[in-house]
Structure formats: C-alpha cells, structure tokens
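Structural overview for review
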Amino acid sequence: MAGGAWKQPKVSEVLSMLDKDIMRKSCISFPISLPLDPQADVEDGGCPDTTIYDPRFILPFLSQLMAPEMYMDKHMRLVDSGALSYAIASLSSREWGVRAAGYHVLARVVGAMDTAKLAQEKQVWLHILSLIRNGLATGSNTPRCARLSSLVTVFLVRVVDILLTPLSTLYKTVSRSILAKPAMDLQAVPEFSRLLNSADLNSTGEQRWVLEVVRDGMRDNLDYSLANRSFVCKILKSQWGSVAIDRVGHLQILDILERCVATNYGCTDLVTRHGLLTWLVAIIKQDRVDKLYIKKVVNIVKISWETICSIEERKQDEKKGLLTKLIQTEMKILLGQLQVTAERKQDAELRANIENISSSLDLISTSASQ
C-alpha cells in the first residue's frame, strides 16, 4: 500500500501505549512462578493477576520493539515507559525461560542505548545495568541466567523511578549511593543499614522507602535468605520502640514480618530460632498498645499458623506434628494474651479471629496427641 511505511507507528508511540501505573505495579508484583510458554501448565497460585501485564506477552513484545531492524526514535522512552524496569523485574522469576528473556531484553536495551546520542543521560541507565552485570561477574559459580532476589529487583525498579524524578527528596541520596558503585552486591539487601540509620534531615523518608522495598521484595525463601544474611529481621526487631522510628515505621516493620512468615523458611526460622512469638507477646503487653498494632500481630500469628500447617501437611507421617509441638506452648501464651487484649479493647472481630486460631491449634494438638 502506498505510503504504508509512513503510517507505521514509531517505537516510542507504541511504548507510550503502555500504562505507566500498570507497568509499575507489574514490576513490583511480577508473577515469579509463571512460565514463559503460554501453553505450559500453571501450578496452583501461579495464575497471573489480571490487573498487571503478562510477561508472556510483554517480554517478547519488548524484544521485538528493540530488534536491530527497528528504528528507535526516542531512546528515553525505554526507561520512562517502564520497559527497563520490567526487564529487571523479570530476573527474579523462578522460571529459567523468563529470566533468559529478561536478560535478552536488557542486552537489547544496552545495544539501543549505545547507539543513542544522549551522551549524558544514557550513562545513568547504562550504569544501572552495569551494576547488575558486574555484580553477577563478581559472584562465585554464578549460573547462566542467574536468578536475582526480588529484594534486589524491587530496589532497582524503585531506584529507576527516583532517578526519573530529580525533584524527589530521595534523588540526592539514591543517586549518590548508586552511581558511585562499580558493582552491586547481589547477596545482600541493597543499602538497607545505611538508609535505615540515616543521619540525613530526610531520614524518615529514607527509612520508609527502604522498608517499603523490603516489604514488597519479600516474596519467597530466596528473599528471606538474603534478608537473613543481612540481619534484616534482627535489626528491625531491635529497633522496635525506638524514637528513631515513627508509628508508620513500626507498622512497616510488622508488615515485613508478616511477609516473612508467609515464606516457609522465614516462618520456621523466625518462630523456632528467633523467638518471634515471645517478641510479639512483649509488644502486646506494652501499656497503651496501638489497636492497629494488635491487628497486625493477629495477622502475623494467623499467617504463621497457616504456613506451619502447610509445612506439616507435606511432611512424612513419622515427622508430622514435630513443628507444631515445638511452638505449641509459645503460641498458646501469645493467643491467651491476645484474648485478654481483645476483651479489653471490646473488639468482636479481633476476638473472633483469635478464637478461630485457638480452635485450630487445639484441634491439631488433640489429633497429634492421639
């Protein structure tokens, strides 16, 4: 058709059709268990969220847009559309094929940026990618298409968002720490201790930001392993009650612990080795304890119990019930204290949730003793 080439949409116009809010949510809540093959069987709980973009479409779509034969008219559109962040987020997938596609897209981003004429601007984004490349290179026995923790990918996704907004109060702090590093330690939670204990005037904003990163990045055993290596939970528990952390920060700490106990490793480690249940009792016994704190504690107890029950179900018959017996006493003490607190607060919903957990504990304890 005459004039067809002129009517073909530009790459930047196609990228601008991606909704930025949905892309941002897709990066934070990337479906880590979803395979790249659309025909592959999906495990229970692995079905993609319909409110986010499907990586089985987005990753091949981005690869095609950045093919060598395609003319890239506006290279910065790769960044502000969320394409760069989405490719980084895909590196946290459990599926080798998804990670391979993500690395492939990042390689094409580097190729596209190398040909761009934005001498100053492109250096920032090339440096972000070099942090990943050099971090992988410095690791020992790093496999092909290595999986990164969601803690690392969520951190980088949020860093990209901040670097896109120079007016952000966190711009100076983040750019100063990230752009000065030749490589990123992929086996630790990035910038956790420095931002949590910042002496900057905007220390509250930095604390909330890094706690949000840890909360959103805590998704499975690999993430908890990384956090445990950085002593994240020990540090957060020790900071409880500190004047350096405000009420929002305390709620974020409870949110992080809630995400931790939703993982098998995090639940067993915190409950059996780090005295989480006893620590929660100490919170409940405080004078004038915040009602929202109590609800968060109940959620943590509920999720911990559900995780422990799911672990016990997968064990062999001769090993079933061992974990339940180990925590039974501490769990009953905590539930008893919560019941007293719920009666004092006169909260019917809270009392009903505690009674449901207690009845489940009694039922399993009775069946285990028979």
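Read on for an overview of the structure. (Residues numbered from 1 in each chain as written. Predicted model: local features only at pLDDT ≥ 70, side-chain atom pairs only at ≥ 80, totals over all residues. Heavy atoms only, no water.)

1. Some remarks on the packing of aromatic side chains
To be explicit about the condition: Whether two aromatic rings pair depends on their centres lying within 6.5 Å, for rings of Phe, Tyr and Trp, where Trp uses its six-membered ring; planes under 30 degrees apart make the pair stacked, over 60 edge-to-face, and the rest tilted. We count a stretch as a helix when DSSP gives it H or I for four or more residues in a row; a strand needs E for two or more, and each element gets its number in order from the N terminus. Buried residues are those whose accessible area, probed at 1.4 Å on protein chains only, stays under 20% of the maximum for their type, while exposed residues exceed 50% and partly exposed ones sit between those limits.
Overall, the coordinates contain six aromatic pairs when judged by the stated rule. Here the aromatic rings of phenylalanine 155 and tryptophan 209 are separated by 5.6 Å at their centres, their planes lie at 65 degrees, and the arrangement is edge-to-face. Placement of the pair is phenylalanine 155 in helix 9 (residues 150-163) and tryptophan 209 in helix 12 (residues 203-217), with a sequence separation of 54 residues. Tryptophan 209 matches phenylalanine 155 in its accessibility class, with the two residues each being buried. Aromatic pair tryptophan 240 and tryptophan 279: ring centres 5.6 Å apart, planes at 80 degrees, arrangement edge-to-face. Placement of the pair is tryptophan 240 in the loop between helix 14 (232-238) and helix 15 (247-261) and tryptophan 279 in helix 17 (residues 276-284), with a sequence separation of 39 residues. Assessed through its relative accessible area of 15%, tryptophan 279 is described here as buried. A network of ring pairs unites the aromatic residues Trp240, Trp279 and Tyr293 as a single cluster.

2. Describing unusual backbone geometry
As a rule of thumb, non-glycine residues mostly have phi less than zero, and peptide bonds are mostly trans rather than cis. Despite not being glycine, cysteine 145 has its phi angle at roughly 50 degrees, a positive value. Mapped onto the elements, cysteine 145 comes out in the loop between helix 8 (121-138) and helix 9. Residue classification places cysteine 145 among the buried residues on the basis of a relative accessible area of 15%. Its identity as a non-glycine residue notwithstanding, phenylalanine 231 has a phi of 60 degrees, on the positive side.

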